[in-house]
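Fold and contact review
Take a look at the letters that make up each chain.
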Amino acid sequence: MTAQEILRLDPNIVDYLLVAFYFVLVLGIGYAARRSVSSSLDFLLSGRSMPAWITGLAFISANLGAIELIGMVANGAQFGIPTVHYYWLGAIPAMVFLGIVMMPFYYGSQARSVPEFLLKRFNRTTQRVQAVIFAVASILIAGVNLFSLGLVLEALLGWPLYVAIPVAAVVVLGYISLGGLSAAIYTEVLQFFVILALLIPLTVAGLNRVGGWDGLTRAVTEGPSGGADLNAWPGTPLTEIENPFLSVLGIVFGLGFVLSFGYWTTNFAEVQRALSAKSMSAARRTPIIGAFPKALVVLVIVTPGMIAGIMIPQISALKAEGGEAVDGITYNNALSLLMKEVLPNGILGVAIAGLLAAFMAGMAANISSFNTVFTYDIWQDWVRPDRGDRYYLQVGRLVTIIGCVLAIGTAFIASGSQNLMDYIQSLFSFFNAPLFAIFILGLFWKRMTGPSAWIGLLSGTAAAVAVDVLVRVGVLEISNQAGSFLGAIAAFVVGVGVAGAVSMVTAPRAEAELTGLVWSLTPKDARTHSTTGDDAGWYRSPAVLGGAVLVLTVVLYIVVG
Amino acid sequence: MTDESRHDHQPDNDPESDDPTGTGTPISTTATNLFDLRSVIALLFGVYGIVLLIMGLVSGNDPENLAKTGGTNLNLDTGIGMLVIGALFVLWVWLRPLRVPAAPDGGAERS
């Protein structure tokens, strides 16, 4: 059999109807949301009116895109339990930090986007540099999402790529341009539930087939890993660092600090969800509420991955023999193969809807944040200032269309690349790590100047690109994974170093202008939020919720080991 | 046109039909369909649940399906689970109906 025949699912009419119902509902939301859009703030930031549970779920759903879902089930198949680090150490502390420490500055500054925050703290050049970098990165990543979505449609339903990619783009375009961020956020919450409706039955049926958790652990212990897949620590196969101590260090500092804090605290696709919350308290709770499902969802991601490693012959062969692919099947196919293996028609339709939803969530998040940054930071603050709000609303709608068209282009570029995961990771090391360096320094060091920020940003990016090139041409003999790790660290160190040095020779801004933007210049009551009305009650306290999710994570680590 | 779409979501809220939209106060319209999301989730899970329940009753115990799922009637179980979740969302909408935030919040920002 060819890879395509192995992968082809056999949906029946009921499955198609379930998928169709989902998309009718999603487009209906876009249509319904449209009537509530009356200003560009409504369109781009949902008018700052969302309750915390919605923004919290949207926050995590914007992250639970398809590349994430497929890639992490693949990691579960390949590495087993160590995959949990991406969800626990690699996410939860940073999400709590974002809610407790950084959100008062983001939300309190009334900035509509991350670049606009940079304008307030630093200067216009920094805003523009970051806006352009971000716009390019968003479209590149949207293209990757779109390409992956096309691949799934091709493999699952038999649609050719040149049909599947534009069709998917049109559907995403339809609901974002009809309803703006409201529609995107609403459908993200919906997608979150549909994705759970895919993962939970998959886990249940998979466990049934392998004889429950005991059967699974027995099979894994007898498998090629000899049981190493069952222990989160020291995770040497995951980090590709052979020394166990250094491997743990790599997970804690590399993944747990630089990469995860860099990703979660500055990635606008997620932060934007919190900016659309209806109050400071709700904004602070947004990433923390999102942290609870983030901590738990990995259980129904890693388990199916490990089951696929046992039940799917090609994946087992991959684990035993190593290498890239068996019969054209890679670890990335683990999720869809397991769906085919254990899900009967009916629930299969729900699962396909969930998978398609996940791809659309990722792309919608990229497009809608590209839209916000382009409209506010590039068009309104730079190219065509001082027009009426209606004008920018029109621009916002037009930019969504342009963004989708560009993403079709970058999707075909991505189709030429060999390893999408490496591509994405390199992009993060280029763009997120230097931004995080600038943010942290600017937040805690009032002496940091405007010019130092954009010079530091560009030098950090240059450092990461340099590392990437050195790895690719073989001067640095490390794996791509370790390369993006090293790139992120280099970007952070160079970013902080250069920004620090330039700050010493340029003039700082007046302290009075930095109130609410720098920690030491912000009075404590400006950093706290109201605790009345909708924000009352201990169970709505960001600190209590943050503490609870950290405790949950520690308990999970102890239980799962 | 816009009025039709409004009606689409209204019936779910009917038990609490002193709906804020009816009061005619110039509230932020975004707030109005905010909690409708709960009804949309309930609708999705309700329809999916019923379809899966029927699939489970009709063909859930066919040997072919049981072989796939390792012996459980997965469509039936998932269908029941979804109906329960859908019902919980309906209950939530019913017990905690939409409250309109105080007008100053919604109005001040749109200068």
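Residues numbered from 1 in each chain as written. Chains lettered and ligands numbered in written order. Predicted model: local features only at pLDDT ≥ 70, side-chain atom pairs only at ≥ 80, totals over all residues. Heavy atoms only, no water.

1. Focus: the overall build of chain B
We apply this condition: A run of DSSP states H or I qualifies as a helix once it reaches four residues; a run of E qualifies as a strand once it reaches two. Both are numbered from the N-terminal end. Should any heavy atoms of two residues lie within 4.5 Å, those residues are counted as being in contact. Here the accessible surface of atoms and residues is derived via Shrake-Rupley with a 1.4 Å probe, and residues count as covered only by protein chains that are part of the display.
A count of helices and strands for chain B gives six helices and zero strands. Taken from N to C terminus, the helices and strands of chain B fall in the order α-α-α-α-α-α. A separation threshold of at least 6 residues defines the contact pool for chain B, and within that pool the share at least 24 residues apart is 70%. When the accessible surface of chain B is split by element, carbon and sulfur atoms take 64% of a total near 6200 Å².

2. Looking at the nonpolar core
Residue and element names in this part refer to chain A. Operational definition: Within this scheme, the nonpolar core is defined by two criteria: the residues are buried Ala, Val, Leu, Ile, Met, Phe, Trp, Tyr or Cys, and they are joined through side-chain atoms within 4.5 Å. Only protein chains enter the accessibility calculation, which uses a 1.4 Å probe. A residue is then buried if its area is under 20% of the maximum for its type, exposed if over 50%, and partly exposed in between. For the domains described, the bounds stem from an automatic or database domain assignment.
Formed by 202 residues in total, the largest nonpolar core has its most connected members in Y22, L69, Y106, M339 and L355. In terms of residues, this core owes the most to one element, helix 10 (residues 161-210), which gives 23 residues. Looking at this core, you find at least three residues from each of domain 1 (3-416) and domain 2 (417-522). With near-sequence residues (within four places) excluded, M339 lies in contact with L9, L198, L202, L348, A351, I352 and L355.

3. Section: helix 7 (residues 92-108) of chain A
All names here are of chain A. Put simply, the rule is: Between the first and last residue of a helix there are one fewer steps than residues, each counted as 1.5 Å, and that sum is the expected span. Two axes enter the definition of the bend at a residue: one is fitted to the seven residues ending there, the other to the seven starting there, and the bend is the angle between them.
Compared with an ideal rise of 1.5 Å per residue, which puts 17 residues at 24 Å, helix 7 spans 23 Å between its outermost C-alpha atoms and is within 8% of the ideal. A maximum bend of about 65° is found in helix 7 at M102, where proline P104 lies one to four positions downstream. Extensive coverage of helix 7 is indicated by the burial of 14 of its 17 residues. Positive phi appears at Q110, one or two residues downstream of helix 7, with a value of about 60°.

4. Focus on the UniProt feature "transmembrane region" (unreviewed entry) in chain B
Put simply, the test is: UniProt positions are given in the numbering used here, feature names are shortened, and annotations may be inferred rather than shown by experiment.
Under the feature "transmembrane region" (unreviewed entry), the UniProt entry names residues 40-58 and 78-95 of chain B. Split by type, residues 40-58 of chain B is 100% helix and 0% strand. Its first and last C-alpha atoms lie 27 Å apart.

5. A look at the environment of A:L514
Residue and element names in this part refer to chain A. Following the sequence through the fold, L514 ends up in the loop between helix 23 (480-505) and helix 24 (524-527). Judged by its relative accessible area of 0%, L514 falls in the buried class. The contact partners of L514, leaving out residues within four places of it in the chain, are R121, K446, R509 and L521.

6. So, the pattern of salt bridges
All names here are of chain A. Threshold: Salt bridge, as used here, is a side-chain nitrogen of Lys or Arg placed within 4 Å of a carboxyl oxygen of Asp or Glu.
Taken as a whole and judged by the stated rule, the model has five salt bridges over all chains. R472 is paired through a salt bridge with D468; the nearest N and O atoms lie 2.8 Å apart. One end of the pair is R472 and the other is D468, both in helix 22 (residues 450-473) and four residues apart, which spans about a single turn. A residue is classified by how much of its surface remains accessible, and D468, at 17% relative accessible area, is buried.

7. Topic: the environment of B:K68
Definition in use: For the purposes of these results, a polar contact is taken to be a pair of N or O atoms within 3.5 Å, where, inside protein, one atom must be able to donate a hydrogen and its partner to accept one; residues adjacent in sequence count only when each atom of the pair is a side-chain atom.
The topology assignment puts B:K68 in helix 4 (residues 63-69). Take B:K68: its relative accessible area is 25%, and that puts it in the partly exposed class. Discounting residues that sit within four places of it in the chain, B:K68 has contacts with A:R209, A:K340, A:E341, A:V342, A:L343 and A:P344. At 3.5 Å, the side chain of B:K68 forms a polar contact with the backbone oxygen of A:K340.

8. Focus on helix 8 (residues 114-121) of chain A
Counting buried residues along helix 8 of chain A, seven of its eight residues qualify, which places the element largely inside the surrounding structure. Taken as a whole, helix 8 of chain A has its buried residues at A:V114, A:P115, A:E116, A:F117, A:L118, A:L119 and A:R121.

9. Things to note about the packing of helix 5 (residues 66-79) of chain A against helix 9 (residues 124-157) of chain A
In plain terms, the rule: The convention used is that axes are lines fitted to C-alpha atoms, helices contributing only their stretch in contact, and that angles between N-to-C directions extend from 0 to 180 degrees.
Two numbers describe how helix 5 of chain A lies on helix 9 of chain A: the axes approach to 9 Å, and their chain directions differ by 60°. Contacts between helix 5 of chain A and helix 9 of chain A involve A:A66, A:I67 and A:I70 from the first element and A:V144, A:N145, A:S148 and A:V152 from the second.

10. Focus on the packing of helix 9 of chain A against helix 20 (residues 389-414) of chain A
All names here are of chain A. Defined as follows: Oblique is the label for every angle not falling under 35 degrees (roughly parallel), over 145 degrees (roughly antiparallel), or within 65 to 115 degrees (roughly perpendicular). Handedness of a crossing follows from how the near helix is turned relative to the far one, being left-handed for an anticlockwise turn of less than a right angle and right-handed for a clockwise one. Amino acids outside the nonpolar list (Ala, Val, Leu, Ile, Met, Phe, Trp, Tyr, Cys, Pro) and the charged list (Asp, Glu, Lys, Arg) are all regarded as polar, and Gly is one of them.
Two elements in contact, helix 9 and helix 20, have axes whose closest approach is 7 Å; the angle formed by their N-to-C orientations is 70°. Put simply, helix 9 runs roughly perpendicular to helix 20. Two packed elements cross with a definite hand, and for helix 9 against helix 20 that hand is right-handed. In contact with I139, L140, A142, G143, V144, L146 and F147 of helix 9, helix 20 contributes G403, L406, A407, I408, T410, A411 and A414. Counted by class, the contact of helix 9 with helix 20 contains 11 nonpolar, three polar and no charged residues.

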